[in-house]
Amino acid sequence: MQPCRRAPRPCVVALIPARGGSKGLPGKNLAPLGGRPLVAWSVEAALACPLVDRVVVSTDSPEIAAQAERFGAEVPFLRPAALGGDTVTTGAVVRHALDELQRDGYRPEVLAVLYPTSPFRPPGLLDRLVGLNLGGHASVVTARRMEPSPVAFLPGPGAARPAGTPPGTPLFRCYGLYEGTSLDPGQHTSLYHEVTDPVQLIDIDGQADLDLARAALEAGLVPWAAPDAGGPR
């Protein structure tokens, strides 16, 4: 059984889903960025958040698992092959991870999903957002405000609702910097945390996105992480 490090404060687990396959950019989660593999950026950000008790990477790839552990994350299980395809939902990955953790007696109160394809999280961001989940919000999601549109984006990749949103209602597109969920059934309120910095909104799906992220680093647009800084903890 893995206890909380700072009981009796609620347990918080950061879950980083990082599968081995990728159509848009083969080997994406191990692609070099600023002197470390892409997955390491999310691992390091989670480890730097004092409210996070465990940093767990869910992957089907032994290579990603080895790199995640090298940078300080836990990889207590490998995903089955059935959860390694490009059509597998984040919900299915989360359910599998929670089942595996609970099998070992660990039951977190807050689950923070950090997508490795969104690497640029400034210091303090996770502290604020985890704090919002701990403070009573059932769901906290990073998002970008959209121009008026007949579609309003809701939490979850690809989730949307049809036209009919009242005039003036903000529309948002979710980004993978943070998707936090309180597992306390008594919590019900949801919150969008609006992100406006275009660098933080870089989402790496293909080679052009990776090139953009590297250019942002080289141009000094990620001041909290100089190029070639960092390394295994």
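For the structure, check the block above.
Residues numbered from 1 in each chain as written. Predicted model: local features only at pLDDT ≥ 70, side-chain atom pairs only at ≥ 80, totals over all residues. Heavy atoms only, no water.

Enquirer: How should I be thinking about the pattern of salt bridges in this particular structure?
Expert: A side chain with one charge may pair with a side chain of the opposite charge, provided their charged atoms come close. Using the criterion set out here, one finds 5 salt bridges in the structure. Measuring nitrogen to oxygen at the nearest pair gives 2.6 Å for the salt bridge that ties glutamate 74 to arginine 54. With glutamate 74 in the loop between α2 (62–70) and α3 (90–103) and arginine 54 in strand β4 (residues 54–58), this residue pair connects regions lying 20 residues apart in the sequence. Since its relative accessible area comes to 25%, glutamate 74 is described here as partly exposed. (Salt bridge = Lys/Arg side-chain N within 4 Å of Asp/Glu carboxyl O. Helix = DSSP H or I, 4+ residues; strand = E, 2+ residues; numbered from the N terminus. Buried < 20%, exposed > 50% of the residue type's maximum accessible area, 1.4 Å probe, protein only.)

Enquirer: Is there a simple way to explain the packing of aromatic side chains in this structure?
Expert: The description of an aromatic ring pair rests on the distance of the ring centres and on the angle between the ring planes. With the rule as written, the count across this model stands at 2 aromatic pairs. Consider the rings of tryptophan 41 and phenylalanine 120, whose centres lie 5.4 Å apart with planes at 80 degrees: the pair is edge-to-face. You can see tryptophan 41 sitting in helix α1 (residues 38–47) and its partner phenylalanine 120 sitting in the loop between β5 (110–113) and α4 (125–134), a full 79 residues away along the chain. Phenylalanine 120 shares its class with tryptophan 41; the two are buried. Geometrically, the ring pair formed by phenylalanine 172 and tyrosine 192 is stacked, given 4.7 Å between the ring centres and 20 degrees between the ring planes. Here phenylalanine 172, found in strand β9 (residues 171–182), pairs with tyrosine 192, found in strand β10 (residues 189–194); they are 20 residues apart in sequence, far enough to count as distant. Judged by relative accessible area, which is 9%, phenylalanine 172 ranks as buried. Residue tyrosine 192 is classed as partly exposed on the basis of its relative accessible area of 27%. If you follow arginine 36 out to its NZ or CZ, it ends over the ring of tryptophan 41, 3.9 Å from the centre. (Phe/Tyr/Trp six-rings, centres within 6.5 Å; stacked < 30°, edge-to-face > 60°. Lys NZ or Arg CZ within 6 Å of the ring centre and 35° of its normal.)

Enquirer: Mind showing me how you'd approach the sheet that holds β4 here?
Expert: Across a sheet, paired strands are connected by hydrogen bonds in the backbone, their directions being either parallel or antiparallel. With mixed pairing, 6 strands are arranged side by side in an open sheet as β4-β1-β5-β9-β6-β10. The open sheet terminates on both sides in strands that have one partner only, identified here as β4 and β10. On average, each strand axis in the sheet is tilted by 30 degrees relative to the strand beside it, whichever way the strands run. Sheet topology note: the strand β1 (residues 12–17)/β5 ladder contains 4 bridges and is parallel. Of the residues in β5, the one forming a bridge with leucine 15 is valine 113. (Pairing = 2+ DSSP bridges. Axes fitted to C-alpha atoms, helices over the stretch in contact; angles between N-to-C directions.)

Enquirer: Any chance you could explain the pairing of β9 here in plain terms?
Expert: Of all the 12 residues making up β9, 10 are buried; the element is thus mostly covered by neighbouring parts of the structure. Sheet analysis places β5 next to β9, joined by 4 bridges and oriented antiparallel. Within β9, the position partnered with leucine 111 by the bridge is threonine 181. Direction of pairing for strand β6 (residues 137–146) relative to β9: antiparallel, over a ladder of 7 bridges. Directly across from arginine 145, in β9, lies its bridge partner phenylalanine 172.

Enquirer: Just checking my understanding: could you explain the nonpolar core for this structure?
Expert: Note on soluble globular proteins: their nonpolar side chains tend to be buried together. Judged by nonpolar contacts, the single largest core of 32 residues is most densely connected at Ile16, Val52, Val57, Leu114 and Tyr178. Of all the elements in the fold, those that place two or more residues in this core are β1, α1, β4, α2, β5, α4 and β9. With 5 residues, α1 is the largest single contributor of residues to this core. Core analysis: the next-biggest nonpolar cluster, separate from the first, contains 15 residues, Leu25, Ile202, Ala213 and Leu217 among them. (Core = buried A, V, L, I, M, F, W, Y, C linked by side-chain atoms within 4.5 Å.)

Enquirer: Explanation requested: the environment of glycine 85 in the structure shown.
Expert: Within the fold, glycine 85 resides in the loop between α2 and α3. The spacing of glycine 85 and aspartate 60 is 25 residues in sequence and 9.6 Å in space, taken between C-alpha atoms.

Enquirer: It is not clear to me how α1 should be interpreted in this structure. Could you clarify?
Expert: Given 3.6 residues per helical turn, the α-helix brings residues three or four places apart onto the same face. Summarising burial for α1: 9 of the 10 residues are buried, a large majority. When we look at burial in α1, the residues that qualify are Leu38, Val39, Ala40, Trp41, Ser42, Val43, Glu44, Ala45 and Ala46.

Enquirer: What should I look at first to understand the side chain of threonine 117 in this one?
Expert: Residue placement: threonine 117 occurs in the loop between β5 and α4. For threonine 117, the side chain forms a polar contact with the side chain of aspartate 203, separated by 3.3 Å. For threonine 117, the residues in contact, after removing those within four places along its chain, are Lys28, Asn29, Leu38, Ile202, Asp203 and Ile204. (Polar contact = N/O pair within 3.5 Å; in protein donor to acceptor, adjacent residues only side chain to side chain. Contact = heavy atoms within 4.5 Å.)

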